[in-house]
Amino acid sequence: MKPAPFAYARAKSVEHAIELLARPDGEARLLAGGQSLIATLNMRLSAPKLLVDLNGVGGLSGIAVKGGMAEIGALTRHAEAERSTDIARYVPLIALAMPHIGHAAIRNRGTLGGSIAFADPAAELPACALALGAELDIAGPKGKRTVKADDFFKGLFETALGPHDVLTAIRVPAATAETRMGFAEFARRHGDYAMVGLAASAKGNGEKLGDVRLAYFGVGNTPMRAKKAEAALAGGDVDAAVKALVTDLDPHDDVQATGATKKHLAGVLLRRVARQLMLIRVSP
Amino acid sequence: MSDMRCDISLTVNGETVHETVDARQTLVDFLREQLVLTGSHIGCEHGVCGACTVRVNGLVVRGCLMLAAQCEGASVETIEGVSDSGEIADLQAAFEKRNALQCGFCTPGMLLTAQELLATGHVPSREKIREHISGNYCRCTGYHAIVDAIEAVAKARAGGQT
């Protein structure tokens, strides 16, 4: 189908974008990579009155490493992150996730900030942000603020972003020699949204794991931490971690799989990811 | 500027174009309807099938997931452009030789996507080829012949035999 009519405006700066978003009817949407938004417009699942295009705004893309943190501009394209040696070295979890996101043409346009702001519960990057304990920089009508990933994802496609806010950057602790990462997902076809997926980070100390963060996607309304499983995995007990998923996760049936199947798959993924966490050493 | 209609200037296959478009018009609709470049096809209109693949500023994108209004100042290349320039003549010949197309609906998108992979200059593995074209659906061939054709061209460009 074709989108319902809307007006289009090119934002010149983040401030200009916030100004343009501040319409009294609240029916303006930000356009970043557009790889989800334009699809929903084409299907008329969404019919905003105004699209505010961020693509011409300078200073919103690129990767910088400073003060032990890797800062990724919200407008950084997936393909740029996929090719980045800084991402491979300092944010290896995102490098692991990249090949699973859409297809080459989608990754050429889609942005990291757009994916996190859209917050599809079955998407890879929101879960990566959660697993990495990311900080999300937001600019809004009242100024700038930073929200932790643990507080960012509120509900189905709902985040800490208000209707007049712009996500400007994602900051994550840069990987060190102790950093361990794991990523796995099940999808019916390459590039599809996952039936179930798991993004994980931890600190490795010899054979022991600390600061384990397991972020599942495709199992609820938001990406979800499996906190009891994290504790069990930190204790080195993979079987107990898999058992703990019974209380950590309660996935609903959807068009792809029943809740019971998803729960089973979550355990299979946990075993795979646990192996990655215990074996992979990142050498920055 | 905030309008239901937008004036845009861009180059399409090397030619400068000035047009007025509806803000809601997708790039592929603009190319097909306003410029009558009908080689880019429209399949699913939500980014799944890859039939609308075109190049914008050198990168393959979904023509249905980009607005024409976003192409102000851009360089857009379609199958007509890369075909006329001879850039993909060897790929087109290999597709024909190996029956890598039947109805041809997916072929323009498939060729542009394959060309992006081959332009890296490496000879990709068959697995890598399959991964790269995974966003382009073909309902006729079963893909095997397409992978054969792309692999043959990769090897030929690297100095081997087809």
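Cut-off values and rules
Residues numbered from 1 in each chain as written. Chains lettered and ligands numbered in written order. Predicted model: local features only at pLDDT ≥ 70, side-chain atom pairs only at ≥ 80, totals over all residues. Buried ≥ 20, exposed ≤ 12 C-beta atoms within 10 Å, placed from the backbone. Helix = DSSP H or I, 4+ residues; strand = E, 2+ residues; numbered from the N terminus. Contact = placed C-beta atoms within 7 Å. Nonpolar A, V, L, I, M, F, W, Y, C, P; charged D, E, K, R; others polar. Domains from an automatic or database assignment. Axes fitted to C-alpha atoms, helices over the stretch in contact; angles between N-to-C directions. Parallel < 35°, antiparallel > 145°, perpendicular 65-115°, else oblique. Left-handed = near helix turned anticlockwise from the far one by under 90°. Core = buried A, V, L, I, M, F, W, Y, C linked by C-beta atoms within 7 Å. Pairing = 2+ DSSP bridges. Arc of directions from axis to C-beta.

As for helix H8 (residues 124–131) of chain A
Residues and elements named next belong to chain A. The buried fraction of H8 is high, at 8 of 8 residues. Turning to H8, its buried residues number three or more, namely Glu124, Leu125, Pro126, Ala127, Cys128, Ala129, Leu130 and Ala131. Looking one or two places after H8, you find Gly133, whose phi comes out positive at around 60°.

Things to note about the interface of chain A and chain B
Quoted interface sizes are often the accessible area lost when the parts come together. In this assembly, 28 residues from chain A lie in contact with 28 residues from chain B. Contributions of two or more residues to the side of chain A that touches chain B are made by strand E1 (7–10), helix H2 (37–42), strand E3 (50–53) and helix H6 (104–109) of chain A. For the side of chain A that touches chain B, the element with the most residues is H6(A), which contributes 5 residues. Looking at the side of chain A that touches chain B residue by residue, the class counts come to 15 nonpolar, 9 polar and 4 charged.

Re the domain arrangement of chain B
All names here are of chain B. Per the domain assignment, the segments making up chain B are domain 1 (5–82) and domain 2 (86–157). Using only C-alpha atoms to locate each centre, domain 1 and domain 2 end up separated by 22 Å. Between domain 1 and domain 2, the residue contacts involve 13 residues of the former and 14 residues of the latter. Going through the elements one at a time, strand E3 (53–56) and helix H2 (79–84) are the ones with two or more residues in the side of domain 1 that touches domain 2. Ranked by the residues each element gives to the side of domain 1 that touches domain 2, the list is headed by E3, at 3 residues.

Let's talk about the domain arrangement of chain A
All names here are of chain A. If you check the domain split of chain A, you get domain 1 (7–52), domain 2 (63–173) and domain 3 (179–279). Taking only C-alpha atoms into account, the centre of domain 1 sits 19 Å from that of domain 2. Taken residue by residue, the interface counts 12 residues in domain 1 and 18 residues in domain 2. Among the elements that take part in the side of domain 1 that touches domain 2, helix H1 (residues 14–21) stands out by supplying 4 residues, more than any other. For the side of domain 1 that touches domain 2, the class distribution of residues is 7 nonpolar, 5 polar and no charged.

Brief notes about the packing of helix H3 (residues 89–97) of chain B against helix H4 (residues 107–118) of chain B
All names here are of chain B. At a closest axis distance of 11 Å, the pairing of H3 and H4 adopts a crossing angle of 125°. Of the possible angle classes, the one that applies to H3 and H4 is oblique. Every pair of crossing elements has a handedness; the one defined by H3 and H4 is right-handed. Contacts between H3 and H4 involve Leu91, Gln92 and Phe95 on the former and, on the latter, Thr107, Leu111, Ala114 and Gln115. Its residues assigned to classes, the contact of H3 with H4 comprises 4 nonpolar, 3 polar and no charged.

Here we look at the nonpolar core
Here is a general trend for soluble globular proteins: nonpolar side chains tend to be buried in one another's company. By size, the foremost hydrophobic cluster in this structure holds 150 residues, and its most contacted members are A:Val52, A:Leu93 and A:Tyr216. Residue contacts for A:Val52: discarding those within four places in its chain leaves A:Ala9, A:Ala11, A:Ala17, A:Leu20, A:Leu21, A:Ala28, A:Leu30 and A:Leu31.

Focus on the sheet that holds E3(A)
Residue and element names in this part refer to chain A. Strand order in this open sheet of 3 strands is E1-E3-E2, and the pairing throughout is parallel. Either end of the sheet is taken by a strand with one partner, and the two such strands are E1 and strand E2 (28–31). Averaged over all pairs of adjacent strands, the angle between their axes in this sheet comes to 25°, without regard to strand direction. Across 4 bridges, E2 lies against E3 in parallel orientation. The residue of E3 that forms the bridge with Leu31 is Asp53. Across the face of the sheet, H1 comes into contact with E1, E2 and E3 while running at roughly 150° to E2.

Here we look at unusual backbone geometry
Residues and elements named next belong to chain A. The phi dihedral of Arg44 is positive, around 55°, even though this residue is not glycine. With respect to the secondary-structure elements, Arg44 resides in the loop between H2 and E3. The exposed category is assigned to Arg44, around which 11 C-beta atoms lie within 10 Å.

Some points on the pairing of strand E2 (residues 15–22) of chain B
Residue and element names in this part refer to chain B. Bridge analysis of strand E1 (residues 5–12) against E2 gives 8 bridges, and the strand direction is antiparallel. The residue bridging Ile8 from the neighbouring strand is Glu19, located in E2. Counted between consecutive antiparallel strands, the loop separating E1 from E2 contains 2 residues, among which Asn13 sits at a positive phi close to 50°.

Focus: H3(B)
Residues and elements named next belong to chain B. By the burial criterion, the buried members of H3 are Leu91, Gln92, Ala94 and Phe95. Projected down its long axis, H3 carries its buried residues within an arc of 160°, all on one side. Away from its buried face by more than 90 degrees, H3 exposes Ala89 and Glu96. Residues of H3 that are buried sit in contact with H4 and helix H6 (144–157). Looking at the residues trailing H3, positive phi occurs at Asn99, about 55°.

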